[in-house]
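Geometric and topological summary
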Amino acid sequence: MILAGNFKMNHTRASTREYLKKLTSCDLEGLEVFIFPPFTALDRYEGKVVIGAQNGYGARSGSFTGEIGLEQLEEFGINTLLLGHSERRHLLNENQELLSQKFNFYKKANFNIFFCVGETLEVRESGSKELIKAYLKAQLEGIDLEYPNLIIAYEPVWAIGTGKTASLEEIEEVLEYLSTLTSAPLLYGGSVKAQNIASIASLKNCSGVLVGSASWKVDSFCEMVKKVKEIL
Ligand code: PGA
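These lines cover the structure that appears in this document, whether it is placed above or below.

Rules behind the numbers
- Residues numbered from 1 in each chain as written.
- Predicted model: local features only at pLDDT ≥ 70, side-chain atom pairs only at ≥ 80, totals over all residues.
- Heavy atoms only, no water.
- Helix = DSSP H or I, 4+ residues; strand = E, 2+ residues; numbered from the N terminus.
- Rg over C-alpha atoms; globule rule 2.2 N^0.38 Å.
- Buried < 20%, exposed > 50% of the residue type's maximum accessible area, 1.4 Å probe, protein only.
- Contact = heavy atoms within 4.5 Å.
- Lys, Arg positive; Asp, Glu negative; His and termini not counted.
- Charge placed at Lys NZ, Arg CZ, Asp CG, Glu CD.
- Near = heavy atom within 4 Å.
- Polar contact = N/O pair within 3.5 Å; in protein donor to acceptor, adjacent residues only side chain to side chain.
- Areas by Shrake-Rupley, 256 points an atom, 1.4 Å probe, with all protein chains shown as cover.
- Nonpolar A, V, L, I, M, F, W, Y, C, P; charged D, E, K, R; others polar.
- Pairing = 2+ DSSP bridges.
- Right-handed = clockwise from strand over helix to strand, strands pointing away.

Looking only at helices and strands, one finds nine helices and eight strands in the chain. Compactness check: the chain gives a C-alpha radius of gyration of 17 Å against a globular reference of 17 Å for 232 residues, within 12% of the reference. Taking all 232 residues of the chain together, the buried fraction comes to 50%. At a minimum sequence separation of 6, the contacts of the chain that also span at least 24 residues come to 71%. Positive and negative side-chain charges of the chain, numbering 24 and 29 respectively, have mean locations separated by a distance of 3 Å.

Surveying the vicinity of the ligand reveals 13 residues, the closest of which are Lys8, His85, Glu155, Gly161 and Ser213. The side chain of lysine 8 places a nitrogen or oxygen atom 2.7 Å from an oxygen atom of the ligand. Taking histidine 85, its side chain carries an N or O atom lying 2.6 Å from an oxygen atom of the ligand. Considering the ligand on its own, with 280 Å² of exposed area, one finds that the protein chains cover 99% of that surface. Along the lines of polarity and charge, the residues of the shell around the ligand split into four nonpolar, seven polar and two charged.

In this section: the pairing of strand β7 (residues 186-189). Looking along a regular strand, one sees side chains alternate from face to face of the sheet. Burial of the side chains of β7 extends over both faces: Leu186 and Tyr188 are buried on one face and Leu187 and Gly189 on the other. When strand β6 (residues 150-154) meets β7, the two strands line up parallel, connected through three bridges. Bridge pairing in β7 places alanine 153 opposite leucine 187. A crossover links β6 with its parallel partner β7, the connecting element being helix α7 (residues 168-181), and its sense is right-handed. Direction of pairing for β7 relative to strand β8 (residues 208-211): parallel, over a ladder of three bridges. Considered in β8, the bridge of tyrosine 188 is made with valine 209.

Take a look at the structure:
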């Protein structure tokens, strides 16, 4: 079972170090735990929690102002990346072509890639399941769905940071669809918290969760660790 925390633009290097110290004192046995801190907090930390980057440009180094590449990630032994998060797609306008370039570059570097997909509220409210499927499929264009280090996170845009979780039925339906496209582990993300993590993680085809806001406090994340362990 995978439990991943996306810090987004929260935490510093100092607070990340404190956080990880506390987190590694929780019993993480049986779980694969990943934390995605901001770039400035990337480092080589002790413990079994895997540190990933929230973004990476598809080049080793070069003239790409504001980005970081393989050279910078390697300095800290990072080999895990989050790509296609809805905030990158929608707030920062990353399109599918750019995302597939990034994917292909880090695939060649053998990274673990958490690739996110998720429909907008408009698409969800259209009520058409076919439209939702087509939207998600388009977000996977140019992505090698057989890549062995791929993890796909289904994160409906309307459920991210809104406190509004997709229903178990909605999640199950999408994971079922995604499972027809790939054998990669499938995660759900979008307002996951201690109260709903166990029922979500128990769903068919669900290999874990990607947690945003509820991961920012280590006590809250440890509580989620406990809840997930109860269903292992
Ligand atoms: P949230 O964010 O848990 O705060 O909804 C999830 C995510 O963005 O990965």
